[in-house]
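# Results of the structural survey
Chain by chain, the residues run as shown.
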Protein chains: 2
Amino acid sequence: MANPTAAMLVIGDEILSGRTRDANMHYLAGELTAVGITLSEVRIVSDDRDAIVAAVKALSAAYDTVFTSGGIGPTHDDITADCMAESFGQSIDVRADARAILQAHYDKAGTDLNEARLRMARIPADAALIDNPVSAAPGFIIENVHVMAGVPSVFKAMVASVLPTLTGGAPMLSETLTVYRGEGDIAGPFGELAKAYPSLSMGSYPFQRDGKYGANLVVRGQDAVLLEEAMGKLSEIFA
Amino acid sequence: MANPTAAMLVIGDEILSGRTRDANMHYLAGELTAVGITLSEVRIVSDDRDAIVAAVKALSAAYDTVFTSGGIGPTHDDITADCMAESFGQSIDVRADARAILQAHYDKAGTDLNEARLRMARIPADAALIDNPVSAAPGFIIENVHVMAGVPSVFKAMVASVLPTLTGGAPMLSETLTVYRGEGDIAGPFGELAKAYPSLSMGSYPFQRDGKYGANLVVRGQDAVLLEEAMGKLSEIFA
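Residues numbered from 1 in each chain as written. Chains lettered and ligands numbered in written order. Predicted model: local features only at pLDDT ≥ 70, side-chain atom pairs only at ≥ 80, totals over all residues.

A word on the overall build of chain A. Each helix and strand in chain A was counted, giving nine helices and 11 strands. Once the C-alpha set of chain A is aligned to its principal axes, its extents read approximately 65 × 40 × 35 Å. Considering only contacts within chain A whose residues lie at least 6 apart along the sequence, 67% involve residues at least 24 apart. (Helix = DSSP H or I, 4+ residues; strand = E, 2+ residues; numbered from the N terminus. Contact = placed C-beta atoms within 7 Å.)

Okay, structure coming up:
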């Protein structure tokens, strides 16, 4: 049976402007692969209402599960929660359950739960909260979309809160053989091997290192025995 | 006048599986920002024909210019060129101009231009070639889509070949003030300042560092004088 599919939506001008390099996508990709969920698509959009709503609707309809990162803080450019409510036709306001979590957190820290911080309790009406053990302000699940923070430490904590609730498939196993030859010499025999193992996925990822060309030949699949067999043949071919 | 818009399409299973961390997106984002082209959206899809064609069509229609990376090598999983031909209803075959470039390159290296390498001369009928000073095999421009290699050194070289041919806008300038306070204390006054300068874009990018919370307050715009004025006020507010 095919594994469940997922998409990620990264929300943030700072990545599109080149100011910041995204870390959350790479992290989520690894976590999903480990539990047998196939990350099929990633989109990165700016802090723009129309762009966010369009992407959420498209990804939510196309994949089993969607994960978003960014835009749920207290500042004026944090518009993700409102966009999610709009995407699914839900109302949004400060919710008592989210407010209580923030109140307890800031009381303990002796910090005022001011108007800005209260924005982080704005949650769409029918969403379920995602626990945030790092900085309290919750993420939320609306339909099949998991809405999480952009700060990497908080994002990771929310992924840890969410992953056990998801049903994965058979973990995707992968093995890599690094070959220091041009891809043009690799392509023929590697393509033949790929044809002989249609249930395995084989990809060639070329690189240039110290002026030499090579490629990482990656074989992926869910059947460990078949994977080992194919890797054995691959090693023979390029010995 | 609004700057030209661009999108990027990254093609490659290796990024979605978490095996590789994309470097080309971050590089392109910086280069485009510097020449006044707004990178509005990025999509990452797997080596899947339908996914690639759908993304190319959507992005090509929505933005002035599109850049792709990955999938133009000689191995069986390199299907980008064929997908581009399909996306724009063009035929594709080994083209004499591309073949001549490869022939000259491999003759010089004393390497056989075998069947696999010849796949890299498969170019859609009406596309213009993009120069590849690193490893010869050309990229190409089809309609408003610039099709480039995934290997970072080759991608960079192709970006350098292409950028001078694009019309940019006024470069987007940006200044950053790092404030070691919680975003909840920053949000009120920062939001007020953003309202006072509607032609500037202001974003808050929170972080957690050594157990302390802070945020990078980024102000972006094309008017250097206005930008300095706003940064002066920002510094006063958070002095």
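Attention now moves to the interface of chain B and chain A. Between chain B and chain A, the residue contacts involve 50 residues of the former and 50 residues of the latter. Counting residues per element, the ones that place at least two in the side of chain B that touches chain A are α1 (13-16), α2 (24-34), β2 (38-45), α6 (115-118), α8 (183-196) and β10 (201-209) of chain B. In terms of residue count, α8(B) provides more of the side of chain B that touches chain A than any other element does, eight residues in total. Here the side of chain B that touches chain A is built from residues that sort into 19 nonpolar, 20 polar and 11 charged. Inspection of the sheet shows strand β2 (residues 38-45) of chain A paired to β2(B) by five bridges, in the antiparallel sense. Across the sheet, the residue bridging to A:R43 is B:R43, located in β2(B). (Nonpolar A, V, L, I, M, F, W, Y, C, P; charged D, E, K, R; others polar. Pairing = 2+ DSSP bridges.)

What follows concerns the sheet that holds strand β11 (residues 212-221) of chain A. All names here are of chain A. The sheet built from three strands is open, its strands ordered β9-β11-β10 with antiparallel pairing. The open sheet terminates on both sides in strands that have one partner only, identified here as β9 (173-179) and β10 (201-209). For this sheet, the mean inter-axis angle between neighbouring strands, taken without regard to orientation, is 20°. As paired elements, β10 and β11 share nine bridges and run antiparallel to each other. The residue bridging P206 from the neighbouring strand is A215, located in β11. Contacts from helix α8 (residues 183-196) reach β9, β10 and β11 within the one sheet, and its direction differs from that of β10 by about 170°. (Axes fitted to C-alpha atoms, helices over the stretch in contact; angles between N-to-C directions.)

What follows covers the domain arrangement of chain A. Many structure descriptions define interface size as the accessible area lost when the parts assemble. Domain boundaries in chain A define domain 1 (5-165) and domain 2 (173-237). The C-alpha-based centres of domain 1 of chain A and domain 2 of chain A are spaced at 37 Å. (Domains from an automatic or database assignment.)

Let's shift gears to the relation of the copies chain B and chain A. Copies of the same chain, two in number, are related to each other by a rotation about an axis and a translation along it. Placing chain B over chain A gives an RMSD of 0.0 Å and needs a rotation angle of 180°, together with 0.0 Å of translation along the axis. Read as a symmetry element, the transformation amounts to a two-fold axis. Across chain B, the rotation axis passes nearest the C-alpha of B:R43, at a separation of 2.2 Å. A share of 100% of the interface residues of chain B reappears at the interface of chain A, consistent with the copies meeting face to face through the same patch. (Least-squares fit on C-alpha atoms with pLDDT ≥ 70 in both.)

Let's shift gears to the pairing of strand β8 (residues 145-148) of chain B. Residues and elements named next belong to chain B. Residue alternation in β8 divides its side chains into two sets, V145 and V147 and H146 and M148, and both sets are buried. Relative to β8, strand β3 (residues 65-69) is paired through four bridges, and the arrangement is parallel. From the neighbouring strand, T68 faces β8, where its bridge partner is V147. Pairing of strand β7 (residues 139-142) with β8 involves three bridges; the strand directions are antiparallel. From the neighbouring strand, I141 faces β8, where its bridge partner is H146. Linking two consecutive strands that pair antiparallel, namely β7 and β8, is a turn of two residues; a positive phi of about 50° is found at E143 within it. (Buried ≥ 20, exposed ≤ 12 C-beta atoms within 10 Å, placed from the backbone.)

To continue, consider unusual backbone geometry. If you check the backbone angles, A:A136 has positive phi at about 75° while not being a glycine. Along the polypeptide, A:A136 turns up in the loop between β6 (128-130) and β7 (139-142).

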